[in-house]
Amino acid sequence: PKIYDPMSTIGFGFASCTGISLLLVDSLRVAGVPARIVGTPAWNGQVENGNHNWVEVWLGEEQGWTFLEGAPAGGGSLFEPCSHWFCTPAKMEQTKVYVPQWERVTNDTIY
């Protein structure tokens, strides 16, 4: 579904992985939890293999960033990252993962 913004996700009760991830990141940030959206435009470097977005939360210096899914596709636990369908060496081979970052000094976005 082409539902991405948080209000539409709430209103329709469903969304793409991007929409679910944006809603979860926004909700976590409002609650004071550092969160960011992460994703790949092409599994295994092949556009025809599809894309995906998920969420990462900051757990502090010791644990760093860890990922979770807003609505795990194909099963898996919200808090067990490698229980997800995409957490396999075969799925990540040649897959580029992107996360936007904000550069505080120059006010630029870095990918």
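Read on for an overview of the structure. Computed from a predicted structure; not experimentally measured. (Residues numbered from 1 in each chain as written. Predicted model: local features only at pLDDT ≥ 70, side-chain atom pairs only at ≥ 80, totals over all residues. Heavy atoms only, no water.)

### Observations concerning the pattern of salt bridges
Okay, so step 1: Counted under the stated rule, the structure contains 1 salt bridge.
Okay, so step 2: A salt bridge links Glu56 to Arg36; its shortest N-O distance comes to 2.6 Å. Taken together, the residues span a long stretch of sequence, with Glu56 in strand β2 (residues 52-58) and Arg36 in strand β1 (residues 35-40) at a distance of 20 residues. Each member of the pair, Glu56 together with Arg36, is buried. (Salt bridge = Lys/Arg side-chain N within 4 Å of Asp/Glu carboxyl O. Helix = DSSP H or I, 4+ residues; strand = E, 2+ residues; numbered from the N terminus. Buried < 20%, exposed > 50% of the residue type's maximum accessible area, 1.4 Å probe, protein only.)

### Remarks on the sheet that holds strand β3 (residues 65-68)
Okay, so step 1: Pairing within the open sheet is antiparallel, and its 3 strands lie in the order β1-β2-β3. Each edge of the sheet is formed by a strand with only one pairing partner; in this case those strands are β1 and β3. On average, adjacent strands in this sheet sit at an angle of 40 degrees to one another, irrespective of strand direction.
Okay, so step 2: One ladder, built from 4 bridges, connects β2 with β3; its direction is antiparallel. Bridging across to β3, Trp58 finds its partner in Trp65.
Okay, so step 3: Strands in contact with helix α2 (residues 17-30) are β1, β2 and β3; relative to β2, the strand with the most contacts, it is inclined by about 15 degrees. (Pairing = 2+ DSSP bridges. Axes fitted to C-alpha atoms, helices over the stretch in contact; angles between N-to-C directions. Contact = heavy atoms within 4.5 Å.)

### Points about the pairing of β1
Okay, so step 1: In terms of residue burial, β1 counts as a mostly covered element, since 6 of its 6 residues are buried.
Okay, so step 2: Examined bridge by bridge, β1 and β2 share 6 bridges and lie antiparallel to one another. Residue Arg36 lies in a different strand from β2, and its bridge partner there is Glu56.

### Thoughts on the packing of aromatic side chains
Okay, so step 1: What the rule picks out here adds up to 4 aromatic pairs.
Okay, so step 2: Plain terms: the ring middles of Trp43 and Trp54 are 6.2 Å apart, the flat faces sit at 10 degrees to each other, and that makes the pair stacked. With Trp43 in the loop between β1 and β2 and Trp54 in strand β2, this residue pair connects regions lying 11 residues apart in the sequence. The pair Trp43 / Trp54 is uniform in exposure class, with both members buried.
Okay, so step 3: Taken together, the aromatic side chains of Trp43, Trp54 and Phe67 make up a single cluster linked through ring pairs.
Okay, so step 4: Against the face of Trp65 rests Arg36, its NZ or CZ located 3.9 Å from the ring centre. (Phe/Tyr/Trp six-rings, centres within 6.5 Å; stacked < 30°, edge-to-face > 60°. Lys NZ or Arg CZ within 6 Å of the ring centre and 35° of its normal.)

### Looking at the pairing of β2
Okay, so step 1: By the criterion of burial, β2 is predominantly enclosed, with 6 of the 7 residues buried.
Okay, so step 2: Here β2 folds back onto β3, and the loop between the two strands holds 6 residues, one of which, Gly60, carries a positive phi near 105 degrees.

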